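# Coordinate inspection notes
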Amino acid sequence: MNCVDCSIGQYKLREHCGVFGIAGSRHAALHAFRGLYALQHRGQEGAGIVSTDGKSLYEHKNLGLVNEVFKDKRIFEKLKGTFAIGHNRYSTAGETNYINVQPITINFKMGVISAVHNGNLTNAIQLKKGMEEDGSIFQTTSDTEVILHLLARAPSNELYLMIIDALKKINGAYSLLFLSPESLIAVRDPRGFRPLNIGKLGEAYIFASESCAFDILGAEYIRQLEPGELVVVDRNLNLQSFSPFPPRENRICIFEFIYFSRPDSTIFNTSVDKVRRSFGRQLAREHPASADIVISVPDSSNTAAVGYGQETGIPYDHGLIRNHYIGRTFIMPEQDIRDADVLIKYNPVREVLKGKRVVVVDDSIVRGTTSRKLVRMIRQGGAREVHFRVASPQIKYPCFYGIDTPTSQELIASQKTVEEIRAYLDADSLGYLSKEGMLSVKELPSVQYCTACFDGAYPV
Ligand code: 5GP
Ligand code: SF4
Ligand code: MG
């Protein structure tokens, strides 16, 4: 199975993003800025905020990191009002495009509305095609605009009912926030692929992909939005919850626990740190090693590597140091430097690695190219043996629901056996966490998970 079906037309699929919303704060836009800053890891291509004072919507968005987009603090004087939504956009290379930066705002019969979206619709192309044949003109190539078009055509005259009507036509993953001058509306798809949480700061309600966006504001985590739940917060800060969709079997994205979310976050009402650490422990039980130290590939596998160390009793150490100041446009003029990208990002700590048998734990292997360069780097740093351990199963299938995984041809585990991958990485041994082992971890909430990138069982 490959991604050809998904990449027809001008669609940018597999986007993965962070969303934030706040209702009832005197500093709504500023709080949205801080929330997005905490969610920066979920998307670095572009950022934007739309606010409202109950009369109009005010917007600022651009390509770049949150800090770059909102560098000029006078922007916050323009972003008036006590309600706001914001978005961090994630996109694969080569499709950087201002028109797709969110929030996306439209005018329609009810006035003006803005939306932010984390996820990926699997029937967006058909829906868009149908509407274009009916004469609709699209400004962007994003799924979010498809939702807004459906909404504008809905027969009802009540905004939340129009949203429900639109969402009943779409399939796939969505955690969405809508902002109109009258209300903020949050909704999560009935399968619950992507996280979305409710928090509180004084009187204000906050919505965010991950709870780290509440912590940065000193806000309190309340609960997750349930799969299929829709919440409306009006100007008087009345919160109403609806369950408008027929219940579906859940498909929580297990990859949020493996890689995407921050370990200090709570998502799906569960601590990411706890789950990720247990993945490391389970990996150690399945694939122990005779070694002197355990190291991580900072920062994404730190927590799993700690778990591996705890279970085996092998000391966890810092054998690779990561440079945190790499801009997205770092240019290396000397193209002939071998492994330049990895050298820019990581450096081995020779004092730690010298003469050691090293277990290196990573959260996942996608293409295998980084992993191969890292093994070489760890050896050049003086390691005597390198035992590669992966705190997730083999990624064999692309994701259609919002994570950037390439086509199957590029996924090393869909092309090679574990032994062939070990040889390619030039590691002394290689072990992946099994799917059964991953799902058996008791810290994982007992709901249904999407594991399609491992087993190809696409739920929608
Ligand atoms: P590889 O060896 O496959 O080239 O790279 C593996 C690294 O990619 C891992 O350290 C992992 O943290 C990171 N990774 C895993 N999933 C994703 C993803 O969806 N997007 C990006 N950008 N990186 C990922
Ligand atoms: Fe998450 Fe993988 Fe399912 Fe995509 S295919 S939603 S990354 S579990
Ligand atoms: Mg990594």
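All values reported here derive from a predicted model rather than from experimental measurement.

Here we take up the site of ligand 2. The local shell around ligand 2 holds 11 residues, among which Arg194, Cys253, Cys399, Cys450 and Cys453 are the closest. Taken together, the residues of the shell around ligand 2 break down into 10 nonpolar, no polar and 1 charged.

This next bit is on the nonpolar core. Within the largest apolar cluster, 32 residues are counted, with the highest numbers of intra-cluster contacts made by Ile254, Phe257, Phe279, Tyr308, Val361 and Phe454. Of all the elements in the fold, those that place two or more residues in this core are β14 (252-253), α8 (255-260), α9 (272-286), α10 (302-312), β20 (357-362) and α17 (452-455). Top element by residues in this core is α9. It accounts for 5 residues. Those residues within four positions of Tyr308 in sequence are excluded, and the remaining contacts are Gly280, Arg281, Leu283, Ala284, His287, Pro288, Ala289, Val294, Val359, Val361 and Arg389.

Moving on to the packing of aromatic side chains. Within this structure, the stated rule accounts for 14 aromatic pairs. Ring plane angle 65° and centroid distance 6.3 Å describe the contact between Phe255 and Tyr259, whose orientation is recorded as edge-to-face. Of this pair, Phe255 and Tyr259 both sit in helix α8, separated by 4 residues, roughly a single helical turn. Between Phe400 and Tyr401, the aromatic rings sit 6.4 Å apart at their centres with planes inclined by 70°, giving edge-to-face as the arrangement. The pair formed by Phe400 and Tyr401 is uniform in burial state, with each residue classed as buried. Each member of the aromatic cluster is reached from another via a ring pair, and the members are Tyr90, Phe255, Tyr259, Phe260 and Phe454.

As far as domains go, the chain holds domain 1 (3-248) and domain 2 (271-455). Centre-to-centre separation of domain 1 and domain 2, based on C-alpha positions: 32 Å.

Cut-offs applied
- Residues numbered from 1 in each chain as written.
- Chains lettered and ligands numbered in written order.
- Predicted model: local features only at pLDDT ≥ 70, side-chain atom pairs only at ≥ 80, totals over all residues.
- Heavy atoms only, no water.
- Near = heavy atom within 4 Å.
- Nonpolar A, V, L, I, M, F, W, Y, C, P; charged D, E, K, R; others polar.
- Core = buried A, V, L, I, M, F, W, Y, C linked by side-chain atoms within 4.5 Å.
- Buried < 20%, exposed > 50% of the residue type's maximum accessible area, 1.4 Å probe, protein only.
- Helix = DSSP H or I, 4+ residues; strand = E, 2+ residues; numbered from the N terminus.
- Contact = heavy atoms within 4.5 Å.
- Phe/Tyr/Trp six-rings, centres within 6.5 Å; stacked < 30°, edge-to-face > 60°.
- Domains from an automatic or database assignment.

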